[in-house]
Amino acid sequence: MKPLAVELKNVSKVFSGVGRGEGLMHAVKGVDLQIKQGEFFTMLGPSGCGKTTTLRMIAGFEFPTSGDIFLNGELSNQVPPYKRAVNTVFQSYALFPHLTVAQNVGFGLAVKRVPKGEREVRVREALELVKLGQLGERKPNQLSGGQQQRVALARALVNRPAVLLLDEPLGALDLKLRETMQHELKDLQKRVGITFIYVTHDQEEALTMSDRIAVMSEGRVQQVGTPEQIYNFPANHFVADFIGDTNFLEGKVVSLHEDRTVIKVGREDVTAARANFPLMPGEKVTMVIRPEKLAVARELAPALAPGAEAPPPAAPVNPARPQPPRVNAVMNARVLDSVFVGTDTRVNVTLKGGTEITVLVRNLEDDEDFKKGDKVVVTYDASDSRLLPAAQLGTTEETYIGNGEPANGAAPAAAK
Amino acid sequence: MRQTGKWLGLGYYLLLLLFLQLPILLLIVFSFNDSVLLVFPLRGFTLQWYRELLQATELINAAKNSLLIGLVSSVVATVLGGAAAIAIARYNFPGREFFLNIATLPLVIPYVVLAVALLILFQALKIELSLWTIMIGHTIINMPYVMLIVAARLSGFANNLEEAAMDLGATYWGTLMRVTLPISMPALVAAFLSSFTMSFDEFSLAFFLAGTQNTLPVYLYSQLRFPSRLPLAVTTAAVVIMVSVVILLFSEWLRRVGTSRTGKGG
């Protein structure tokens, strides 16, 4: 079996306050990661979460304070950057201003004394790979931001590294170019088959490009998983809050069932999925559900009226048309406001007891208009929801700001 | 209204220019004047003083000394100051700010004070005064200039250029030779040239720290006692100024060429 491309075992990094006596700064706290060969792996998190420090430890610019880093199965804690089969694409590109594009790309090969003939061929190939074949003789400052980005990419790839590290490489580009480059990067990664470790704070970028994502916060890994896992099954409050829009419903367990849990949110009984951790009735718990998994209507469809317990069988899949969602749970609510956001309408409603939730409704021609104060029912499939322990270790107070409110930050004042 | 302001401004500028540059211009003019006395009206054009200059062995010796001191002290100042600049601009070591303050201190200490201090130090250490002691003095005053010029240039480049080089396989020395030195080269050359000019013109330190051999400024000063030697002193000064101007223009040109090549990505 092939060894892992990169493995981190309980890696921590402490910076002693250089300069102004800041004391110690725990940038990375006991991170475990296992990155497979050929994987597009993303470290995602807000600034200061330790993702860049982790990347710099893999590159060799920083050495871990404790824990072990394995590159291709070999312990590499103290190996200097120039002895690692790892190359980096920097956020600011870090192109050498005194060298031409071709000399920049050929830098790594020149350092390793690759013969001139071979060097020229490989530089040309690398430049063609990033579609810059004609610009070899230019200086970096004669190129646009996007072109400089590609040069940085070619300069790293030409060395055929085992792992390519990318530190927010698209951060300096404008939105349109960023989207194009996302596709190109993903495409490139598939073609060259190199392990990519990508650092970003942009969740959309992470979800679009990655095979797997590690969500980080406060120097710790909060969750590792495929984009679908991260999005649909957030492991904790932080992940649920950070990735996409989410509703948080704080409640107490009323009853536990085979396939669902009933919790009391305010004065309303709400059905949630079964928890994947032990729960006792009366315990505090947070229910998480995405706005687009909820539907809103003026009244219940007859099949769902009280007494009709069994959910309808799953409808045959026809991807061409949006399927009516599977529905087996209901909440009563009042409309706070509804905001048109292009393809969707965002309906903010409030439950009995004051908990606000957001429902994302796809805009179709026959849509109803919901007005403030309208009585509505919110329907959903309980298995789309997820229960989290109310107070979770590994997340901080900070991530609990906005308890009981929609995660999109729609202030109640805006509804008035 | 605007026009008046413009003319006023121009007039002020010309006056300022005249005030600053007229003495120097006079110096050059009188170096060609056919008279021992530095008075108007001018007597006529002559190259006599320049001819005498070539035969004044003492003066030429002093000039050679100045040249030697200038070259050696500038090379040493450029190497040491450049190294300090790289340390300050590229590494975050404990005591960095303290080091920066100490290293730039010679900028604010009057040269006379520094000269007396060094004189006492050399005597305490029983070091005989010679051209070497002047070189040491000039190296000390030039180092902070070199350091600031080179550090200013390095801080204009992204900090991770060196990291990028190491990432691509260059060792510490490889990085220094292939990246750090090439990008600081224009600043190093400019710093060397300004150091040289500064050393060449410097009087106080050279006066206090000279042994049996004089530098050019000290020699010229000593000649002022003899009225008949005045034209020679004037002519020497004229030559020095012309050479200095050429060197300064060259170093400024280098600095500009350097900055226009900085190329911070955008």
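Throughout, residues of each chain are indexed from 1 in the direction in which the sequence is written. Each chain gets a letter, beginning with A, and each ligand a number, beginning with 1, in the order they are written. Given that the model is predicted, a residue must reach a pLDDT of at least 70 before its local features are reported, and side-chain atom pairs must reach 80 or more before they are shown or counted; all residues, however, enter totals for whole chains, interfaces and linings. Hydrogens and water molecules were not included; the side-chain quantities draw on all heavy atoms of the structure.

Once that is clear, we can look at the overall build of chain A. Secondary structure follows DSSP: runs of H or I at least 4 residues long count as helices, runs of E at least 2 residues long count as strands, and numbering of each begins at the N terminus. Looking only at helices and strands, chain A has eight helices and 20 strands in total. For each residue, the accessible area found with a 1.4 Å probe, counting protein chains only, is set against the maximum for its type, and the residue is called buried under 20%, exposed over 50%, and partly exposed in between. Relative to its full complement of 416 residues, chain A shows a buried share of 49%. Residue contacts are defined here by distance: any two heavy atoms, one from each residue, within 4.5 Å place the two residues in contact. Sequence-distant contacts, at least 24 apart, represent 67% of the contacts inside chain A between residues at least 6 apart. Per-residue and other accessible areas follow the Shrake-Rupley method at a 1.4 Å probe size, with only the shown protein chains counted as cover for residues. Put simply, chain A shows about 20,200 Å² of open surface, and 52% of that area lies on carbon and sulfur atoms.

It is worth spelling out the interface of chain B and chain A at this point. Tallying the contact residues gives 26 residues for chain B and 29 residues for chain A. Joining two parts hides part of their accessible area as seen by a 1.4 Å probe, and the buried area is that hidden amount summed over both. Between chain B and chain A, a total of about 2,200 Å² is buried, with carbon and sulfur atoms accounting for 60% of that surface. Three residues stand out in chain B for area buried against chain A, namely Asp167, Leu168 and Arg178 of chain B, and they jointly supply 33% of the buried area on that side. By definition here, a salt bridge exists when the distance from a side-chain nitrogen of Lys or Arg to a carboxyl oxygen of Asp or Glu is within 4 Å. Across the contact surface, chain B and chain A share one salt bridge. Arginine 56 of chain A serves as the salt-bridge partner of glutamate 163 of chain B, at 2.6 Å between the closest nitrogen and oxygen. Those elements that place two or more of their residues in the side of chain B that touches chain A are helix H7 (161-167) and helix H8 (172-201) of chain B. If one sorts the elements of the side of chain B that touches chain A by residue count, H7 of chain B sits on top with six residues. Each residue gets one of three labels, nonpolar for Ala, Val, Leu, Ile, Met, Phe, Trp, Tyr, Cys and Pro, charged for Asp, Glu, Lys and Arg, and polar for the others, Gly among them. For the side of chain B that touches chain A, the per-class residue count stands at 12 nonpolar, nine polar and five charged.

Another point: the pairing of strand S11 (residues 247-256) of chain A. Residue and element names in this part refer to chain A. The pairing criterion for strands is at least two bridges between them, as found by DSSP. In terms of strand pairing, S11 meets strand S14 (residues 284-289) through six bridges, oriented antiparallel. Residue glycine 251 lies in a different strand from S14, and its bridge partner there is valine 285. Alignment of S11 against strand S12 (residues 260-265), held across four bridges, turns out to be antiparallel. Its bridge partner being in S12, serine 255 is matched across the sheet by valine 262. Between S11 and S12, which pair antiparallel one after the other, the connecting turn spans three residues.

Turning to the sheet that holds strand S4 (residues 66-71) of chain A, a few remarks are in order. Residue and element names in this part refer to chain A. Read across the open sheet, the four strands follow the order S2-S1-S4-S5; overall the sheet is antiparallel. At either margin of the open sheet sits one strand with a lone partner, and together these are strand S2 (24-35) and strand S5 (74-75). Here strand S1 (residues 6-16) pairs with S2 via eight bridges, running antiparallel. Bridge assignment links valine 11 to a residue of S2, and that residue is valine 31. In the packing of helix H1 (residues 51-59) onto the sheet, the strands contacted are S1, S2 and S4, and the crossing angle to S1 comes to about 115°. Working convention: axes come from line fits to C-alpha atoms, limited for helices to the stretch in contact. Angles between N-to-C directions cover 0 to 180 degrees.

What follows deals with the sheet that holds strand S19 (residues 375-380) of chain A. All names here are of chain A. Strand order in the open sheet formed by five strands is S15-S19-S16-S17-S18, and the pairing between neighbours is antiparallel. At either margin of the open sheet sits one strand with a lone partner, and together these are strand S15 (294-297) and strand S18 (356-362). Direction aside, neighbouring strands of the sheet carry axes that sit 45° apart on average.

Right, let's get into the confidence of the model for chain A. Residues and elements named next belong to chain A. Here chain A averages 83 in pLDDT, while 85% of its residues score no lower than 70. pLDDT is a per-residue confidence score from the predictor, ranging from 0 to 100. Considering only residues more than four positions removed or in separate chains, one finds that residues 307-319, a stretch of pLDDT under 50, has 10 contacts. Note that pLDDT drops below 50 for residues 392-416; the model gives that stretch 46 contacts with residues more than four away or on any other chain.

Next up on the list: the nonpolar core. All names here are of chain A. Residues enter a nonpolar core if they are buried and are Ala, Val, Leu, Ile, Met, Phe, Trp, Tyr or Cys, with the set joined through side-chain atoms within 4.5 Å. Residues Val6, Met43, Phe96, Phe107 and Ile197 are the most contacted members of the largest nonpolar core, which totals 56 residues. When near neighbours in sequence (up to four residues on either side) are disregarded, valine 6 contacts Leu33, Gln34, Ile35, Ile58, Phe70, Leu71, Val163 and Ile197. Formed by 33 residues, the second largest nonpolar core is a distinct cluster that contains Val123, Leu132, Leu173 and Leu188.

The next subject is a nonpolar patch on the surface. Residues and elements named next belong to chain B. The grouping of Phe98, Leu100, Ile102, Leu105, Leu107, Val108, Tyr145 and Leu148 at the surface amounts to a nonpolar patch, some 710 Å² of accessible area in total. Contributing elements (two or more residues each) for the nonpolar patch: helix H4 (96-103) and helix H6 (131-154). Broken down by element, the nonpolar patch gets its largest block of residues, three residues, from H4. Note that isoleucine 102 resides in helix H4. Relative accessible area serves as the criterion here: at 44%, isoleucine 102 is assigned to the partly exposed category. Patch rule: a residue counts if its relative accessible area is over 30% and it has no salt bridge; like charges are joined within 9 Å, and nonpolar side chains (Val, Leu, Ile, Met, Phe, Trp, Tyr) within 5 Å.

Under the definition given, this model contains 15 salt bridges over all chains. Arginine 191 of chain A is the salt-bridge partner of aspartate 187 of chain A, the closest N and O atoms lying 3.6 Å from each other. Of the two residues, aspartate 187 of chain A and arginine 191 of chain A are both situated in helix H5 (residues 175-192); the distance of four residues between them amounts to about one turn of the helix. A residue is classified by how much of its surface remains accessible, and aspartate 187 of chain A, at 41% relative accessible area, is partly exposed. Aspartate 269 of chain A is paired through a salt bridge with lysine 264 of chain A; the nearest N and O atoms lie 3.3 Å apart. Of the residues examined, aspartate 269 of chain A reaches a relative accessible area of 38% and is grouped as partly exposed. Connected via shared salt-bridge partners are Arg56 and Glu62 of chain A together with Glu163 of chain B.

In this section: the packing of aromatic side chains. Residues and elements named next belong to chain B. What counts as a ring pair is set by centres within 6.5 Å for rings of Phe, Tyr and Trp (its six-membered ring), and what kind of pair is set by the plane angle: stacked under 30 degrees, edge-to-face over 60, tilted for all other angles. Counted by the stated rule, this structure contains 13 aromatic pairs over all chains. With a centroid separation of 5.0 Å and 25° between ring planes, the pair formed by phenylalanine 32 and tyrosine 50 is classed as stacked. Taken together, the residues span a long stretch of sequence, with phenylalanine 32 in the loop between helix H1 (2-31) and helix H2 (48-55) and tyrosine 50 in helix H2 at a distance of 18 residues. The class for phenylalanine 32 is partly exposed, based on a relative accessible area of 24%. Note on phenylalanine 203 and tyrosine 221: the rings are 5.3 Å apart at their centroids and 70° apart in plane angle, and the pair reads as edge-to-face. Pair noted here: phenylalanine 203 is in the loop between H8 and helix H9 (204-209) and tyrosine 221 is in helix H10 (residues 216-223), with a separation of 18 residues, a long-range link. Owing to a relative accessible area of 28%, phenylalanine 203 belongs among the partly exposed residues under this scheme. Grouping aromatic residues by their ring pairs yields a cluster made of Phe203, Phe207, Phe208 and Tyr221.

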